[in-house]
Amino acid sequence: MGIPVCLTQTNNTKAGESIVKAVTSKVAVALALSLTAGSALAKDTITLNGFDMTIDQAWAIAAGDADVDIANKAEKRLDKAYDTLMTAARLGKPVYGLTVGVGLNKDHKLFDASGEMTKEALKASKEFQINALRAHSAGVGEPMPAEMVRLGMAVRLNTLLHGQTGVQPQVADLYEAYLNNDIVPVIPSKGTVGEADILLASHVGLAMLGEWEVFYKGERMSSSKAMKKAGIKPLDPIGKDALSILSNNSFATAYAMQGLKDAEQVLEVAPTLFGLSLEGLNGNVAPFLPQTNGVRPFPYVQATSDTILSKLDGSYLWDLNDTRPLQDPLSFRTSGYTFAMAEKAADELEAMLKIQINASDDNPAVVLNPGKKYVNKPQVAKYLIDGKGGVFPTTNFNPLPVAMAVQQLSVAMTQVSHNSVMRSTRLSDDHFTHLPRFLTAPGNMGHAFGAIQKAYVDLHVRNKQLAQPVSFEGVAIAGNIEDTFTNLKLASDNLIQISDNLSTIFGLELFHSAQAIDLRKLDNPKLKLGKETGKMYKEYRKLVKFVDKDRPYTPDFKASTEFVKAY
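Described below are features of the structure shown in this document.

Details of the pairing of strand 10 (residues 389–392)
Residues Gly389 and Val391 line one face of strand 10 and the alternating positions Gly390 and Phe392 line the opposite face, and both faces are buried. In the sheet, strand 8 (residues 365–367) pairs with strand 10 via three bridges, with the strands oriented antiparallel. In the sheet register, Val366 faces strand 10, and the bridge partner there is Val391. Across two bridges, the pairing between strand 9 (residues 384–385) and strand 10 is antiparallel.

Now the structure itself:
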């Protein structure tokens, strides 16, 4: 599709005819726009089909580095699913917002003898849709960052294109137009319990109606004004449009994606940073050898240990040293395990996210090819529409697989956090390093590193609190029918904060290990570091200097954190 113009459905045409006209008109408009496009440089365009959007593609769209286009096959699925939904309504089957929810079915027929929707039914359905979006736009907190809103909208557009929502094609067109015209709805950051982001996502629909605020090319204004500037017609809702816009987990999923991204970045730094700490300790490489890990061959542990050893290629740790302890503190010896389990948890979260962003989490779901299993059962047969599929109640709005994976990664990252703070503490202990206590430089009569342990302990205690599972927390609501929760957004917020804290904790570990290396170099100027650990050490020392005497350390801590995040 890839154009900023969206067409409304006319009131007095059959559902199937309106779909054909909308698609035909849209092609004509696209052709006209292409002929007058001028010579402006175009962004990359990512074609979405609902099945294979990558996480990297979603981030490119979120960052505004790429426009989106809807694949032809996805357009056809939208058409078929919408036609199936409207057919179900004509047959008197339950369709929220059409045959259920508007009250009209009590004493009025929804469709006339020709299969056209009556004016009364159409009016009632539209009012129901609009009121649903108004009443559910009820979030709290500061607005989400624009990039996170765009990420959530990219996810929702792709899941719409999976073809199981039953929305009219105009809804997908509007998501596409908003993304391609840099229209970002103002969405509060809190107010979801993780069973679809109902109170948050509704603001997207409200904006599409022209009744909310957006950022248009960075400027905050009414959505009606922004759409007028961009040449976009507001949403004319019907059927299941409002429910599909508001009842999905796209924004909480976006934050889970942010949590994964942050965790992967800090874990990428971890093996090199740890190798430098091992060099600062004059530690033993034995726990990371294939000879030792081959005894109990956990695959992630073996791979991580190999990575650690590769960072130490060329290091003095490979040379025989009679003063080197046979066994180091466990925070050093077990770090291969902590990194490995965090990598495993990150891979699990990535796998769950790939499913989540390429599948429908709608309830009910329009299933075009329902298969034959159980369809001979009367309870199942009631959901079917001959020759068109069926409309099935689901619990696909429950993102527990993603929430559990987020929480598992939070726990694993906090285990990494624990080992890091213990390593930093051990690096200040002359009993383990045989260096001056608190890494005190010669001639420094002050505290050196004696007091700074409180900073990383504070952050680690916060991580331990943030890592507590929240997926089973909640209070029964909505007349006691909604009594189960995942709190995916909260769990994701926690993971993001854990990763941020860990970046600082790692920065403080680097502050210690570099100081220990410098003290060793005073005794042995020819001390050899690994190729990768030596590179990190040199780059770090460009920003944070050796502590030869006491100074305010706050600027050093900030620089250390920024170094870890950028490395």
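After that view of the structure, there is still more to cover.
Comments concerning the packing of helix 14 (residues 335–356) against helix 16 (residues 400–427)
Running from amino to carboxyl end, helix 14 crosses helix 16 at an angle of 160°, the nearest separation of the two axes being 8 Å. The angle between the axes of helix 14 and helix 16 places the two elements in the roughly antiparallel class. Handedness of the helix 14/helix 16 crossing: left-handed. Seen from helix 14, the contacting residues are Ser335, Thr338, Phe339, Met341, Ala342, Ala345, Ala346, Glu348, Leu349, Met352, Leu353 and Gln356; seen from helix 16, they are Pro401, Val402, Ala405, Val406, Gln408, Leu409, Ala412, Met413, Gln415, Val416, Asn419 and Arg423. Residue composition of the contact of helix 14 with helix 16, by class: 16 nonpolar, six polar and two charged.

Notes on the pairing of strand 7 (residues 219–222)
Strand direction decides the pairing type here: strand 6 (residues 213–216) and strand 7, joined by four bridges, are antiparallel. Residue pairing across strands places Tyr216 opposite Glu219, the latter belonging to strand 7.

Quick look at the pattern of salt bridges
The full count for this structure, using the stated rule, is 19 salt bridges. Salt-bridge contacts for Glu211 lead to Arg134; the nearest nitrogen and oxygen are separated by 2.8 Å. In this pair, Glu211 is assigned in the loop between helix 7 (198–209) and strand 6 and Arg134 in helix 4 (residues 119–136), connecting sequence segments 77 residues apart. A relative accessible area of 35% means that Glu211 is categorised as partly exposed. Since its relative accessible area comes to 44%, Arg134 is described here as partly exposed. As a salt-bridge pair, Arg541 and Asp518 come within 2.7 Å of each other at their nearest N and O atoms. With Arg541 in helix 20 (residues 531–541) and Asp518 in helix 19 (residues 488–523), the pair connects residues that are 23 residues apart, well separated along the chain. Overlapping salt bridges, with partners in common, bring together Arg156, Lys240, Asp361 and Asp362 in one network.

Side note on a negative patch on the surface
A contiguous patch of negative charge, built from Glu264, Glu268, Asp347 and Glu348, is present on the exposed surface. Going through the elements one at a time, helix 10 (250–281) and helix 14 are the ones with two or more residues in the negative patch. In this structure, Asp347 sits in helix 14. Its relative accessible area of 32% is what places Asp347 among the partly exposed residues.

Criteria and cut-off values
- Residues numbered from 1 in each chain as written.
- Predicted model: local features only at pLDDT ≥ 70, side-chain atom pairs only at ≥ 80, totals over all residues.
- Heavy atoms only, no water.
- Buried < 20%, exposed > 50% of the residue type's maximum accessible area, 1.4 Å probe, protein only.
- Helix = DSSP H or I, 4+ residues; strand = E, 2+ residues; numbered from the N terminus.
- Pairing = 2+ DSSP bridges.
- Axes fitted to C-alpha atoms, helices over the stretch in contact; angles between N-to-C directions.
- Parallel < 35°, antiparallel > 145°, perpendicular 65-115°, else oblique.
- Left-handed = near helix turned anticlockwise from the far one by under 90°.
- Contact = heavy atoms within 4.5 Å.
- Nonpolar A, V, L, I, M, F, W, Y, C, P; charged D, E, K, R; others polar.
- Salt bridge = Lys/Arg side-chain N within 4 Å of Asp/Glu carboxyl O.
- Patch = residues over 30% accessible without salt bridge, like charges linked within 9 Å, V, L, I, M, F, W, Y side chains within 5 Å.
- Areas by Shrake-Rupley, 256 points an atom, 1.4 Å probe, with all protein chains shown as cover.
- Lys, Arg positive; Asp, Glu negative; His and termini not counted.
- Charge placed at Lys NZ, Arg CZ, Asp CG, Glu CD.

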